[in-house]
Structure formats: structure tokens, C-alpha cells
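An overview of the molecular structure
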Amino acid sequence: MKQSFSRNWYIALVTVILLIQLATFLIAGESHTFIGVHDNLDIHITDYKLLRDNNAFFSQGKTIPLLGGIDRNFLLSEFYAYSWLYMILPNFAAYITGYFLKIFIALFSGILLCKDILGDKYKRYEWAVVLFSFIYGLLPLYPAFSFSFASLPLLVFIIRRLKNSGKKIYYLLAFLYPTLSYFTFFGPFILGYIFIYFIYLWVKEKKPNLRIFIAMALMSVSYILIEYRLFALIFGSGQATIRDTMVIDDLSAPEILHSILNVFVNNIFHCEDLHRVVVLPLFVISFAAINFMHIKNREYKQLYTDPFNLVFFFIVANCIVYGLYNNHAVRFLFETLVPPLKGWQFNRTIFFNPILWYTEGFIAMIRLSDYIASREGEKSRLSAILPFIPKALTIIVLLSVMGTQSLYNDFFNTCYVNTWEAVNKKKSETLSYGDFFSKDLFEKIKKDIDYNGEYSVAYGFHPAVLSYNEIATLDGCLSYYYQSYKDSFRNVIAPSLAESEEARTYYDDWGARAYIFSGSDYGIWNPVRTVDVEDNRLLIDKPAFEHLNGKYVFSRIEISNSDEAGLKLIGEYSDVKSPYTIWVYSL
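Here the structure is a predicted model, which is why all the values come from computation and not from measurement.

What follows covers the overall build of the chain. When helices and strands are counted, the chain shows 28 helices and 8 strands. The globule rule puts the C-alpha radius of gyration for 587 residues at 25 Å, and the 26 Å found for the chain is close to it. When contacts within the chain are restricted to residue pairs at least 6 apart in sequence, those whose partners lie at least 24 apart make up 72%. Accessible surface computed for the chain: about 26,800 Å², of which carbon and sulfur atoms make up 62%. Positive and negative side-chain charges in the chain, numbering 52 and 53 respectively, have mean positions lying 15 Å apart.

Structure below.
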């Protein structure tokens, strides 16, 4: 038993952590689980709830009661594996299930790939493979597209097996792979990288590798079939979208350089991989040691062929692309060459850096392990503990990921906020999943006002809360919708934009958040327990609101100019389970 445990300690460690996390979420439930709101609760989870409530996952030509009524095609495809969770399970259960599935996808994918690459050496490094695959699965990356991140090792495995064996099963897997991916974030880059690999093999082998070409073709067809709704909008609607008018910063050369360095160290919030905490220092030390030895041994070719350095070059290239996106000339060239993709963020190559950073950590630890093993014959006082150093460093990497606060680190945030509340014996300003959506409160309100599908807006909180509670909204958050609606909604909020230059720039230059703004309290919708504002006015244009068939205003603020705005107070509502007090007004 002891021998078995000592051999499989890393599997036991992974199992214990998974059980602890599962128990934490089950015990916490909706009311005590703290999940990142930004681009998560306020968009994707609510979008899935809208699709479910309106029986619209597979519908054609259906109008969704968001942003005044949008075509179902603007929301996520029904053919993504992540979407299937929300078809089958209630939203909270689907989200937590997705959290654990992405860990298992990363773990399974990493083991498959490393077995294929390492061959007979796999058993020697199994501890590192399992732990780094698990760590990669734990990374607090964009939840709605977590399967896309987690499955990247699986993609590499499929391409490798196709190249080396050509078995039919791998063609099928290549065709099915896009169900785990997400086209606008990953698809074009994946296809682009495979194409580069195809050209590389063609040059190297002096003939085209048809297996890789067929895989690329199959994946392209699959992405198009999965995203048929998006392609119908792009090529068939004939209408301008907000992507056509989004203004992107044009940075100076020093500013671009700064953004490249910043993203190299920190990445971006959608894929905040926390490599800066431990992996980056380990990388710097390993990079210096590995390349010093190459130079010392006059292995100059290894400076640009060593896998460790090749991965580093890939990381740097992604960072450079990210920085150059903010150069007008580069964007203009791209949009001229590919007009349908105007407004598309080609700097999302940065989403591949999390797997690259932790690949560097993995390579560094097995190199260190090999180096220590090569010096086993040298007796010293530290001989007994040296073999444990790579394992200890890997566990430190694991703990750094689990124990560092970030937007989407749901396990850490849930543990931290609940502990803080227990110690301080009061509620945190951070809202839990249940707090944020406050289902009981809004059911009470709908029953009291005899709500019957009328279009409404939210003031002082995210309109996603209304959408989640089956209240039709004129406002909302969506990164892709028609420019014509953005212009119409702008008429509603014109008075507030006239008073707040910050809000005007935010809306006119971007517009994905079509929200009701304050004239003086920017970001009034921030999801906190206590609302503290200086300006209680509601600045909207009543005729424009009526023109869009708006009837209700749900507000976390008692509006001081309701008579002037032509609004009638229906009632003030609260609930012991909710942090909100909601004032409901109607025309």
C-alpha cells in the first residue's frame, strides 16, 4: 500500500484537490459560490438562460428578448460541447459541471499527447505530465470558452497521430474537434497554424502532406457548419454591425512596446494564466541555464532548435502580434486583405500563451529532473533530497495557481470571500451567484406588477439580471449586434452621454454594453452589495424609450427626477435573500 502510494502520489494529490473543490462548490451552492461577473455572469451564462427559456437552442428565425429583440443567430452556436451542458442542466449546475469537465479535458489531453511524444520515457516523467496537465486545467481562463483552452493538447495529439499513422479515426476526431473549440477566439488561428505546419512539412519533405491538408479541410468545414449562424450574419444579412464602428486605440511605438512587455508578463484578463507568479521566474532561471550550457558546449544550433527556446519564440511572437494590433497601418492592411473580418481581433493569438507558458514549466522540470538524475553518483549532503526538488517546485506552481486571486479563479474566490465573511461576521461587498441574480426577488416583483413580457431597462445593475429572470430588455451586453440598434438605443441614453464624456466615449467607440448610464457616476452597474452614488437622476430620453416599446425601469437607485422624466413609481421591493432594493418605474 505504502509503495503504491509513493509511486502514485501525484494521482492521489490530484484526486484530493478535485474532491475538496467539488465539496466546496456543493456545500456553497448558488448562495455562497462567488463567480467572476465580468464577461461571464453578465453575458454568457445569461445568454444560455435566454436560449433555454425561449426554447431557442436549435430555433431558426426566433427573436430573443434582449437588446429590443435580436435574432437568435447572434447568440452562441448549439453545436459547441459547452452549450450542451446548458441544454441539459440548470445554469448553475451547468457552470460547475463545465468547471470540472475542462479540468478533465486538460488532464486527459495532456496525458494523451505526452504519451505520444515521450513514448517509452513516459513513465519516468508521468508525475510531471499529470501535475502540469492538471495545473493547466485549473488555470482561471475565460469560462465560456474553457473547453477551447483545455483541449489544445488534444488538438496537437490528433494532428501528430494523423501525420504519423493516418488512421481514419483521427480524421473523424479532426472533424469533431471544433465542437470543443470556439471559432472567433481560436478557429482561424488553429487553421492558420496547421497551414504553416503543412507548408513546413512540404518544404522539409519535398512533397505536400495530404493527411495534414485533409485534416485542415475537415476542420474548416466543421467550423463553418458549427458557426453557420455567424457566417449567415456576416455574409447574408447585408447590415452593418457594431464591429464596423468600433474604435481601436492607435498606440505610439513606445506604447506598443509597453503593451507587448505587459502581456508577456501578465497576459490579459480573459486568459490570466498566473504564470507571472512562479512559472515566469522559473522560466528566466531555466532559460539562462539551458542556453548558457548550449553556448558553453558550443551547441549554437540548439539556441534556435531547442524545444524550450522554440516555445519561447512562439510566446514572443504572440505577444508581438498582440501589440501590433494597436497599430493602425497593420490593422488597415489586415482589413483590406480580409474585408469580412473587419473589427475581428486578430490579436487573440495571445490565447495560446497559457499552454505555452506551462509547457515551458513542464520542460524545465523534466530537464532539471534529468540533470539531477545524471549526477546521482556524486555524493553530497543534499543527494537524498535533490530528486524531490523538481516535484516540490511543481507543487509550488500548483499552489500558486490555486492560491492567487484573479477574475475567474472561482475556487479561490469562493473560499476567500466565505472565509472573510466568517471572520468579519458580515457580508462582503462581493456578490455570490445567487445574490447577483436574486431570483426570488424578481419573481416577487413580476408577480406584483403583473409582468407580461414588456420591454424594460436596468439602472444601477447589469441588465443580465433582468434577462436571467425572464424580463425582456432594451439594454444588454453583446459583442456583435446591428449598428442600427446601437444608434436607436443611443437616442435613449443621449442625455447621459451629453453629461459624461467617459460614458460617451465608452458607448460610441465600443458599444458592446448598451446600458443606461449615469451623468456623473460612471460604472454605476458595478455588482456590489452597497450602491453609493452622488447623482440620483435618471437621464434618458422618454420619446426614444417609448419608440423602442420600453415600459419599465428597474432601478437600484431611488430616482430623484422621476416626475421630470415622465416615470411613475410602481413600488419599492426587497428580499431578505437579496442584496438589492429595487425601485420599479413605468411610463
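What follows picks up the thread again.
An ideal rise of 1.5 Å per residue puts 26 Å on 18 residues; helix H15 (residues 279-296) measures up with 25 Å between its terminal C-alpha atoms. Next to the buried residues of H15 lie helix H14 (253-266), helix H16 (302-305), helix H17 (307-324), helix H19 (353-374) and helix H20 (389-402). Downstream of H15 by one or two residues, Arg-298 has phi in the positive range, about 60°.

Moving on, we come to the packing of helix H25 (residues 483-499) against helix H26 (residues 501-509). Helix-helix packing: each pair is described by the crossing angle between the helix axes and the interaxial distance. Here H25 crosses H26 at 160°, and the two axes come no closer than 8 Å. One finds that H25 runs roughly antiparallel with respect to H26. Relative to H26, H25 is oriented so that their crossing is left-handed. Across the interface between the two elements, Lys-486, Phe-489, Arg-490, Ile-493, Leu-497 and Glu-499 of H25 pack against Glu-501, Ala-503, Arg-504, Tyr-507 and Asp-508 of H26. A breakdown of the residues in the contact of H25 with H26 according to their chemical character gives 5 nonpolar, no polar and 6 charged.

To continue, consider the environment of Glu-443. Summarising the element assignment, Glu-443 is placed in helix H23 (residues 439-449). By relative accessible area, which is 44% here, Glu-443 ends up partly exposed. Distance in space between the C-alpha atoms of Glu-443 and Asn-469 is 7.5 Å, their sequence separation being 26 residues.

Let's shift gears to the sheet that holds strand E7 (residues 568-574). The strand order across the open sheet formed by 4 strands is E3-E6-E8-E7, and the pairing between neighbours is mixed. One side of each edge strand has no neighbouring strand; the edge strands of this open sheet are strand E3 (455-459) and E7. Across this sheet, the average inter-strand angle for adjacent strands is 20°, counted without regard to direction. Note that E3 and strand E6 (residues 550-555) share 5 bridges and pair parallel. Bridged to Tyr-459 within E6 is Ser-555. Across the sheet, H23 touches E6, E7 and strand E8 (581-586), and the angle it forms with E7 is around 145°.

Phi at Leu-67 takes a positive value of approximately 50°, unusual for a residue other than glycine. By secondary structure assignment, the location of Leu-67 is in the loop between strand E1 (63-64) and strand E2 (70-71). Owing to a relative accessible area of 1%, Leu-67 belongs among the buried residues under this scheme.

The rules behind these values
- Residues numbered from 1 in each chain as written.
- Predicted model: local features only at pLDDT ≥ 70, side-chain atom pairs only at ≥ 80, totals over all residues.
- Heavy atoms only, no water.
- Helix = DSSP H or I, 4+ residues; strand = E, 2+ residues; numbered from the N terminus.
- Rg over C-alpha atoms; globule rule 2.2 N^0.38 Å.
- Contact = heavy atoms within 4.5 Å.
- Areas by Shrake-Rupley, 256 points an atom, 1.4 Å probe, with all protein chains shown as cover.
- Lys, Arg positive; Asp, Glu negative; His and termini not counted.
- Charge placed at Lys NZ, Arg CZ, Asp CG, Glu CD.
- Expected span 1.5 Å × (residues − 1).
- Axes fitted to C-alpha atoms, helices over the stretch in contact; angles between N-to-C directions.
- Parallel < 35°, antiparallel > 145°, perpendicular 65-115°, else oblique.
- Left-handed = near helix turned anticlockwise from the far one by under 90°.
- Nonpolar A, V, L, I, M, F, W, Y, C, P; charged D, E, K, R; others polar.
- Buried < 20%, exposed > 50% of the residue type's maximum accessible area, 1.4 Å probe, protein only.
- Pairing = 2+ DSSP bridges.

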